Amino acid sequence: MDKFLIDMLECPVCHQSLDWQIDEQFNDHIEKAEARCVGCNAVYPIRDGIGIFLTPYLPRNDLWEQVESQLTIYLQDHPDIERQLMDTPIDDLSPTDQHFRALVLEERGDFTGSREAEVLSNQNLYTSAYTNCWDSQIKYTLDALSTLDGPVVDLASGRCYLVEKIIEQLKKSVVASDFSLNVLRRDIKLFEFLGIEQHVSLLAFDARLTPFRDGSIKTMTTNLGLPNIQNPGRLLHELNRIVCGTMLAISQFFPVDDEPNKKVIVDAGLDPLLYRLSAIEHFISAGWSVKVENTCVAEALPTPASKLLEGARADGLPVAPTEMEWCVLRATNAE
Ligand SMILES: C[S@@+](CC[C@H](N)C(=O)[O-])C[C@H]1O[C@@H](n2cnc3c(N)ncnc32)[C@H](O)[C@@H]1O
Ligand SMILES: [Zn+2]
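The structure reproduced in this document is the subject of the present report.

Analysis parameters
The numbering scheme is per chain: residues are counted from 1 as the chain's sequence reads. Chain letters and ligand numbers both follow the written order, the letters beginning at A and the numbers at 1. This being a predicted model, a pLDDT of at least 70 is required before a residue's local features are given, and a value of 80 or more before pairs of side-chain atoms are given or counted; all residues contribute to the totals for chains, interfaces and linings. Side-chain measures were taken over the full set of non-hydrogen atoms in the model, leaving aside hydrogen atoms and water. We call Phe, Tyr and Trp rings a pair once their centres come within 6.5 Å, taking the six-membered ring for Trp, and we label the pair stacked below 30 degrees between planes, edge-to-face above 60, and tilted otherwise. Numbering of helices and strands runs from the N terminus, with a helix taken as a DSSP run of H or I at least four residues long and a strand as a DSSP run of E at least two residues long. Buried, partly exposed and exposed residues are distinguished by accessible area as a fraction of the type maximum, computed with a 1.4 Å probe on protein chains only: under 20%, between the cut-offs, and over 50%, respectively. The rule is short: NZ of Lys or CZ of Arg within 6 Å of the ring centre and within 35 degrees of the ring normal puts a charge over the ring. Paired strands, in this sense, are two strands between which DSSP finds at least two bridges. Between the N-to-C directions of two axes lies an angle of 0 to 180 degrees, each axis being a line fitted to C-alpha atoms and, for a helix, fitted only over the stretch in contact. By definition in these notes, contact holds between two residues if any of their heavy atoms fall within 4.5 Å. Salt bridges are defined as contacts in which a side-chain nitrogen from Lys or Arg sits within 4 Å of a carboxyl oxygen from Asp or Glu. When describing relative orientation, an angle under 35 degrees is termed roughly parallel and one over 145 degrees roughly antiparallel, while 65 to 115 degrees is termed roughly perpendicular and anything else oblique. If you view the pair so one helix is near and one far, a crossing is left-handed when the near helix is turned anticlockwise from the far one by less than a right angle, and right-handed when it is turned clockwise.

Attention now moves to the packing of aromatic side chains. Evaluation of the coordinates by the stated rule reveals 8 aromatic pairs. Each ring, one from Phe111 and one from Phe193, has its centre 5.3 Å from the other, and the planes form 35 degrees; the classification is tilted. Here Phe193 lies in helix α8 (residues 181–194) and Phe111 lies in helix α5 (residues 111–125), a separation of 82 residues in the sequence. Residue classification places Phe111 among the buried residues on the basis of a relative accessible area of 3%. Taken together, a centroid distance of 4.9 Å and an interplanar angle of 5 degrees make the contact between Tyr126 and Tyr130 stacked. For the pair Tyr126 and Tyr130, one class covers both residues: buried. Clustering of aromatic rings is evident, with ring pairs tying together Tyr126, Tyr130, Trp134, Tyr161 and Trp326. For Lys165, the ring lying beneath its charged end belongs to Tyr161, and the centroid distance is 4.3 Å.

It is worth spelling out the sheet that holds strand β5 (residues 152–154) at this point. Overall, mixed pairing links the 11 strands, which are arranged β1-β2-β3-β4-β7-β6-β5-β8-β9-β11-β10 in an open sheet. Of all the strands in the sheet, the pair left with one neighbour each is β1 (18–26) and β10 (288–300). For this sheet, the mean inter-axis angle between neighbouring strands, taken without regard to orientation, is 15 degrees. Where β1 meets strand β2 (residues 29–37), 8 bridges bridge the pair, whose relative direction is antiparallel. For Asp19, the partnering residue across the bridge sits in β2 and is Arg36. Strands in contact with helix α9 (residues 235–242) are β8 (217–223), β9 (243–253), β10 and β11 (322–333); relative to β9, the strand with the most contacts, it is inclined by about 145 degrees.

All right, on to the pattern of salt bridges then. Oppositely charged side chains may form a pair once their charged atoms are brought near each other. Applying the stated criterion to the full structure yields 14 salt bridges. Of the charged contacts, one joins Glu106 and Arg159 as a salt bridge, the two residues approaching to 3.1 Å between their closest N and O atoms. Highlighted residues: Glu106 in helix α4 (residues 95–107) and Arg159 in the loop between β5 and α7 (161–170), separated in sequence by 53 residues. Each of Glu10, Asp214, Glu238 and Arg241 takes part in a single network of salt bridges with overlapping partners.

All right, on to the packing of α7 against α8 then. At a minimum axis distance of 12 Å, the contact between α7 and α8 shows a crossing angle of 30 degrees. Looking at the two axes, α7 sits roughly parallel to α8. α7 and α8 meet at a crossing whose hand is right-handed. Contact with α7, carried on its side by Val163, Glu164, Ile167 and Glu168, involves Leu190, Phe191 and Leu194 of α8 and no other residues of that element.

If you want it as C-alpha cells, here you go:
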C-alpha cells in the first residue's frame, strides 16, 4: 500500500489514530508494517503490501495462511474432475465450466490463458444486451471519473475489472479493496502481470466497517460492489462518513414484481440495494444526495449449471429470466 494512505487511515473499530511501525518499504510503497491503534491497542498488519484492516477480533494470521479458494480445495479432493476441467479442449466445455477453468488458470497465475477462457465463456453465458449494458456503465464511469480528483478508492473490488480500466485508461492511482484476502492476493499477481502494480494499493476491510477517517475520500467507485454486500445495514452511513465528494456505484436493479428472484434476493439479505426505490431510499436516509444515471434495461438469464462441478453456477442471480436495469448511481454528500 502507498504511504499517502497513512494520513487517511484510522482504527476501523474505535476510530482512534494508528501508530505506524514500517519494517519494509520500496519507494513510497509499504510492504511490511504494523499499525497499532492508540485507543484499543488492536494491531493491523501490512503483509506483502496488503493493508489488513479486518476487525481485530478476527484471527488475521490464520486468515492469511488460508491461501486456497474453495474451488481449488474442491478440485484437490476430486482429481478426476480437475483433469476433465483443465484437460478437455476448451471449446468442448460448457460455458460455465469455461468460466471455472478461467478461475483456476487465474489462481495458477496463467492470466493469458485465463482471459482467453473468460472471453469465450462470457460470450456464451450472457446475452449481448446484458454485456452491452455492463460495458456502457464501465465507459460512463470512466468518463465521469476523468473529471474527478484522485486517488480513487474502489469498494468490493473483487477481480478488479473496473480498477484495471481506471489505471490503464485514466492513469489514476487506485486503492482497491475487498474483505477477501484470497481475492486481493490474486489481484496483486494480476497487477504484476499487467505491470501496473505501482499504481495500486490494496486494503482488506469490510465495507461496513472501514478504516478511513471522516471525509478522507474524495472519489469512491464500485463496480457492482453494493449489490454484492449481504445485510448492508449501516453500510451507506459508513460510506457517507468517509467520503467527502462523489461515489459512482455501478448498480443493477431487479423488477419488484419478479417473485422467483425476489425470494433468493431476500434470503441472501441483498434486497435493500437490489431494488431501485429501496436503494434510493437507503441512500437518502444515510445522508446522500443521489442521481440514477445512464440507465439501460437488458434481459438477464440464469447462468447454466456446471456439467462438471455438482450444479455450481457462474452467478448466483438471476435464478429466473428477468429484465434487469443497469445504471450508475452518482452519490454526493447532501447539504
Ligand atoms: C463480484 S465482485 C464485484 C465486481 C468487481 N468490483 C470488479 O470490478 O471486478 C464482489 C466482491 O464483493 C466482495 N464483498 C462482498 N461483501 C463485502 C463486504 N462486506 N466488504 C467488502 N467486500 C465485500 C466479495 O469478496 C467480491 O469480491
Ligand atoms: Zn481502536
